[in-house]
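Residues per chain are reported as follows:
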Amino acid sequence: MYKEDDGTALLALRGGLRGRFRRSLDSMENAFEALQDSLERTTSPAQRAELQPIFDELRTQLLSLRRLGDQTSDAATAALLRGSCTPRPMDLVSQLREICDILQEEAARCGLPFTVELCCAGVEFLPTMGDATLLNGLVTNLVSNTLAVDGAAHIVLHCAPGCFVYRDNGPGLPPDARALLTEEKWSERLLHAGGLGLPLIAAYARAMDWALAVGEGPGTELQFTLPAAPPLENLMLESPAERMAEQRTRRQLIQRELALLANR
Amino acid sequence: MAVLLNERPLHEKTALPKTTAVTALFAFNAKLDRDTMKLFAKTHGAEVSAAAVAATGQEVLELLHGGLRPRVLVLDALLTKPSVTSLLQEISTMHLDPEPAVLVVVPVPEETAARKALRLFSQYQIMLRPYGMKSLFDEIYRMGSTDDEHRLYHLRGCCDAVLDDYGAPATLSGYHYAERMLLYALYADHPQQIGVLQQYVAAEEGIELGTVTSAMNRLSQKMSKRGMEPYRALCRRCGRPEDGVLSNGQLMAGLLQELCSRAEPYL
């Protein structure tokens, strides 16, 4: 028998504002595939060759819209992120290891020259409170910002007890970017640029109760102080279906970010 | 595994498994999704036929009560009036015969509360969204077909992939004939002469043998003109100039060799 909680779970599947953007774009992508499939059976090779560049560009624009939809909806609901994605016990090292592996695989697939490395300094297990979805958003925005400046950057994800540090070998954060991250102050330059990555990085960290500080560098250096680890007996195991969904979402998000960078 | 170009002709006719399209009842909340399912099913109707496309849970129930018996139910997890969980509960009390397979299409859950929703569908097959339409229809076909039908479906996909890679235009009738000849060659217990394979296809299509032969000639000419590297490489292996035209026998031998290596898991 289905209980009342089931109704709440089904409602949660809608995914709020972000879910509305995603559903619309999912439907558009499927319609797009069906249209292309239909055209392949009804047009000549010459006609298809003429249409192909437009199809390719439409796909890139859809990817771009997905990213913008995620960012815009998260920015609009930043204050609610803390309630909607309840931080739960996680091992940060295994999460970051998975992210690193996917980044390396997808970078090779896209032909992007950047490198990413996980440094644990002997820490094999780093329990803390967090959320996979927020962590995905945090890391992909950080990586995206780095690669926007230097596509061949070297990125290091450094873990130590109670601490996670993101570093790259780029030119470092401009002063107004630093101010936006730490003081929520917008410069004219950043307002006109229309980017949401920096405030979202801060919002995701806040929602997980991770304190954010900007290091001196060289390069970009963001230091996250992690909340205290819960007792191990409170760790809840995910079901296989949940783990599969989480891995899949993570990979698709990273694929999207890198595809957009590769297509610039 | 059959290999072409044997000297001795055979007397028993090779037969391919009979296949029927898998009938599916689709139910999606969004109109664009419903229209997309209809369009894709139109071009892929030989494998998956859309028995109906419903907009609400109530419509699904009315169709089933009215006697519709799809092999697969494809349900949007966000369906309303009633919700998909109420719909599934109601369907389970109907004791449908034959009982359809159920595929629930679920948006990837991101929020903590949404992750729990996956457990609601633990007794059903689920497909996470976003998905590709081809993947969705492949899964529907897999769920609604027998093992033999499914094997043929995959082998046909392999045939088409090889033909496409060699530059065969899918709009030519020779493409379809080549696909059928390759399948007959794969299913044969013994190696078959090309003439025999052409006879199978001519009998299947109800046309003259010469029509099949001419269509295959035209196919090879078009492939030569397209000049895809696999075709050119095959020309070289057959001792022809790279921009030459392969005979029907040379073409089929080369295609079959390539197909056998790709289709190994299904043979």
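Residues numbered from 1 in each chain as written. Chains lettered and ligands numbered in written order. Predicted model: local features only at pLDDT ≥ 70, side-chain atom pairs only at ≥ 80, totals over all residues. Heavy atoms only, no water.

**Description of the overall build of chain B**
Right, so step 1: Helix and strand counts for chain B come out as 11 helices and five strands.
Right, so step 2: Taken across its 267 residues, chain B has 50% of its residues classed as buried.
Right, so step 3: Put simply, of all contacts in chain B between residues at least 6 apart along the chain, 70% involve residues at least 24 apart.
Right, so step 4: Approximately 12000 Å² of chain B is accessible, and the part contributed by carbon and sulfur atoms is 49%.
Right, so step 5: If the 28 positive side-chain charges of chain B are averaged to one point and the 31 negative ones to another, these points end up 4 Å apart. (Helix = DSSP H or I, 4+ residues; strand = E, 2+ residues; numbered from the N terminus. Buried < 20%, exposed > 50% of the residue type's maximum accessible area, 1.4 Å probe, protein only. Contact = heavy atoms within 4.5 Å. Areas by Shrake-Rupley, 256 points an atom, 1.4 Å probe, with all protein chains shown as cover. Lys, Arg positive; Asp, Glu negative; His and termini not counted. Charge placed at Lys NZ, Arg CZ, Asp CG, Glu CD.)

**A closer look at the domain arrangement of chain A**
Residues and elements named next belong to chain A.
Right, so step 1: In terms of domain boundaries, chain A breaks down into domain 1 (4-82) and domain 2 (88-262).
Right, so step 2: Here domain 1 is connected to domain 2 by two salt bridges.
Right, so step 3: The partner of Arg256 in a salt bridge is Asp70, and the shortest N-O contact between them spans 2.8 Å.
Right, so step 4: The tally of links from domain 1 across to domain 2 stands at five residue pairs in polar contact (both at pLDDT 80 or more).
Right, so step 5: For the side of domain 1 that touches domain 2, the secondary structure elements donating two or more residues are helix 2 (16-42), helix 3 (45-76) and helix 4 (78-84).
Right, so step 6: For the side of domain 1 that touches domain 2, the element with the highest residue contribution is helix 3, accounting for 10 residues.
Right, so step 7: Residue composition of the side of domain 1 that touches domain 2, by class: four nonpolar, four polar and seven charged. (Domains from an automatic or database assignment. Salt bridge = Lys/Arg side-chain N within 4 Å of Asp/Glu carboxyl O. Polar contact = N/O pair within 3.5 Å; in protein donor to acceptor, adjacent residues only side chain to side chain. Nonpolar A, V, L, I, M, F, W, Y, C, P; charged D, E, K, R; others polar.)

**Comments concerning the sheet that holds strand 5 (residues 163-168) of chain A**
All names here are of chain A.
Right, so step 1: With respect to topology, five strands assemble into an open sheet ordered 2-4-5-7-6, the strand pairing being mixed. Since the sheet does not close on itself, it has two edges, and those belong to strand 2 (115-119) and strand 6 (211-214), each with one partner. The average undirected angle you get between the axes of adjacent strands in this sheet is 15 degrees.
Right, so step 2: Pairing between strand 5 and strand 7 (residues 221-225): five bridges, direction antiparallel. Bridged to Arg167 within strand 7 is Glu221. (Pairing = 2+ DSSP bridges. Axes fitted to C-alpha atoms, helices over the stretch in contact; angles between N-to-C directions.)

**Considering the interface of chain A and chain B**
Right, so step 1: Counting residues at the interface gives 42 residues for chain A and 42 residues for chain B.
Right, so step 2: Approximately 3700 Å² of surface area, both sides summed, lies buried where chain A meets chain B, with 58% of it carried by carbon and sulfur atoms.
Right, so step 3: Here chain A and chain B share zero salt bridges between them.
Right, so step 4: The set of elements that each furnish at least two residues to the side of chain A that touches chain B consists of helix 1 (4-13), helix 2, helix 3, helix 6 (132-149) and helix 10 (240-262) of chain A.
Right, so step 5: Element by element, the count of residues in the side of chain A that touches chain B is highest for helix 2 of chain A, at 15 residues. (Buried area = accessible area lost by both parts, 1.4 Å probe.)

**Focus: the sheet that holds strand 2 (residues 48-54) of chain B**
All names here are of chain B.
Right, so step 1: Read from one edge to the other, the open sheet built from five strands follows the order 2-1-3-4-5, with strand pairing classed as parallel. Two strands close off the open sheet at either side, each with one partner strand: strand 2 and strand 5 (125-129). On average, each strand axis in the sheet is tilted by 25 degrees relative to the strand beside it, whichever way the strands run.
Right, so step 2: Bridge analysis of strand 4 (residues 101-107) against strand 5 gives five bridges, and the strand direction is parallel. Paired with Val106 across the two strands is Leu128, which belongs to strand 5.
Right, so step 3: Sheet strands in contact with helix 1 (residues 31-43) are strand 1 (22-27), strand 2 and strand 5, and its direction is about 160 degrees off that of strand 2.
Right, so step 4: Each of strand 1, strand 2 and strand 3 (72-76) is contacted by helix 2 (residues 57-65), which is oriented at about 120 degrees to strand 2, the strand it contacts most.

**Regarding the pattern of salt bridges**
Residue and element names in this part refer to chain A.
Right, so step 1: Across all of its chains, the model carries 34 salt bridges over all chains by this definition.
Right, so step 2: With its nearest N and O atoms 2.8 Å apart, the salt bridge here joins Glu257 to Arg67. Placement of the pair is Glu257 in helix 10 and Arg67 in helix 3, with a sequence separation of 190 residues.
Right, so step 3: Here Glu257 falls in the buried class, since its relative accessible area comes to 8%.
Right, so step 4: Between Asp176 and Arg189 there is a salt bridge whose closest N-O contact spans 2.8 Å. Linking Asp176 in helix 7 (residues 175-183) with Arg189 in helix 8 (residues 188-193), this pair joins segments that are 13 residues apart in sequence.
Right, so step 5: For Asp176, a relative accessible area of 17% gives the class buried.

**Concerning empty space enclosed by the protein**
Right, so step 1: Under the definition given, this model contains two cavities of 30 Å³ or more.
Right, so step 2: Of the pockets and cavities examined, the largest cavity occupies roughly 120 Å³.
Right, so step 3: Along its surface, the largest cavity is lined by 16 residues, and Arg18(A), Gly137(A), Thr140(A), Leu253(A) and Arg256(A) are the ones closest to its centre.
Right, so step 4: Taken together, the elements giving at least two residues each to the lining of the largest cavity come down to helix 2, helix 3, helix 6 and helix 10 of chain A.
Right, so step 5: Among the elements that make up the lining of the largest cavity, the one with the highest residue count is helix 6 of chain A (five residues).
Right, so step 6: Partitioning the lining of the largest cavity into residue classes produces two nonpolar, seven polar and seven charged.
Right, so step 7: Split by domain, the residues of the lining of the largest cavity number at least three in each of domain 1 (4-82) and domain 2 (88-262) of chain A.
Right, so step 8: Of the pockets and cavities examined, the second largest cavity occupies roughly 40 Å³.
Right, so step 9: Around the second largest cavity, the lining residues are Ala132(A), Thr133(A), Asn136(A), Glu246(A), Thr249(A), Pro109(B) and Arg115(B).
Right, so step 10: Elements supplying a minimum of two residues to the lining of the second largest cavity: helix 6 and helix 10 of chain A. (1 Å grid on protein atoms, 1.4 Å probe; cavity = no way out; pocket = protein on both sides within 12 Å on 5 of 7 lines; lining within 4 Å. Points joined across faces, edges and corners; volume = space filled by probe spheres on them.)

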